[in-house]
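Understanding the architecture of this molecule
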Amino acid sequence: MAKFVYRMQSILNIKLKLESQAKLAYGAANQKYMEEQQTLQEYIVRRVGYERKLRDAMQGTLNMSEVAHAREAYNSMKVIIRRQMMEVHKAEKELEDARQKLNEVMQERKAQEKLREKAFEEFKHELAVAENKEIDELVSFTHNKA
């Protein structure tokens, strides 16, 4: 029996490798985004703590150095949070780019797989035609002999 050989199998193999690389890149981008999000959440929690310290320092008897220190810590944390928000946005953009690249590579791989399926169906059809021709020749040979 004939064996099916897809002549563009090497291209399909390359598409599969590109897809696995794109999946790894997407996973790494997703991990970085999640880490940046987690860091932002931690900074926000710290800012809330500094805000509470500032409010406490403003009540009762005022110690100006304590108030100034608490205000400086609170303002510094706001700046750090703004920077971290930019990092989160950058990581989110990288994640979106990786997702789009993965989608493109997956579409290319699926197209190659469809071409392979079409080629396999054509191979099966040609094989069936050849078998029918062979059977017809056998029947006509046997019929002519009798």
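Shown above is the structure to which this text applies.
A brief look at the structure comes next. Because the structure is a prediction, the values reported are computed rather than measured.

1. Structural notes on the nonpolar core
Core analysis: the biggest nonpolar cluster contains 9 residues, these being Ala29, Tyr33, Leu40, Met77, Ile81, Val88, Ala91, Leu95 and Ala98. No other element matches the 6 residues that helix H2 (residues 64–145) contributes to this core. Other than its neighbours up to four places away in sequence, Ala29 contacts Glu94, Leu95 and Ala98.

2. Brief notes about the packing of aromatic side chains
Under the definition given, this model contains 3 aromatic pairs. Centre to centre, the rings of Phe4 and Phe123 are 5.4 Å apart; their planes meet at 50°, and the pair counts as tilted. Within this pair, whereas Phe4 is found in the segment before helix H1 (9–58), its partner Phe123 is found in helix H2, the two being separated by 119 residues in sequence. Taken as a pair, Phe4 and Phe123 share a single burial class, namely buried. An angle of 25° between the planes, with centres 6.4 Å apart, marks the rings of Phe120 and Phe123 as stacked. Residue Phe120 and its partner Phe123 are located together in helix H2, separated by 3 residues, close to a single helical turn. Looking at Phe120, the relative accessible area reads 28%, which means it is partly exposed. Judged by relative accessible area, Phe123 falls into the buried class, the value being 19%. By way of ring pairs, the aromatic residues Phe4, Phe120 and Phe123 are connected into one cluster.

Rules and cut-offs
- Residues numbered from 1 in each chain as written.
- Predicted model: local features only at pLDDT ≥ 70, side-chain atom pairs only at ≥ 80, totals over all residues.
- Heavy atoms only, no water.
- Core = buried A, V, L, I, M, F, W, Y, C linked by side-chain atoms within 4.5 Å.
- Buried < 20%, exposed > 50% of the residue type's maximum accessible area, 1.4 Å probe, protein only.
- Helix = DSSP H or I, 4+ residues; strand = E, 2+ residues; numbered from the N terminus.
- Contact = heavy atoms within 4.5 Å.
- Phe/Tyr/Trp six-rings, centres within 6.5 Å; stacked < 30°, edge-to-face > 60°.

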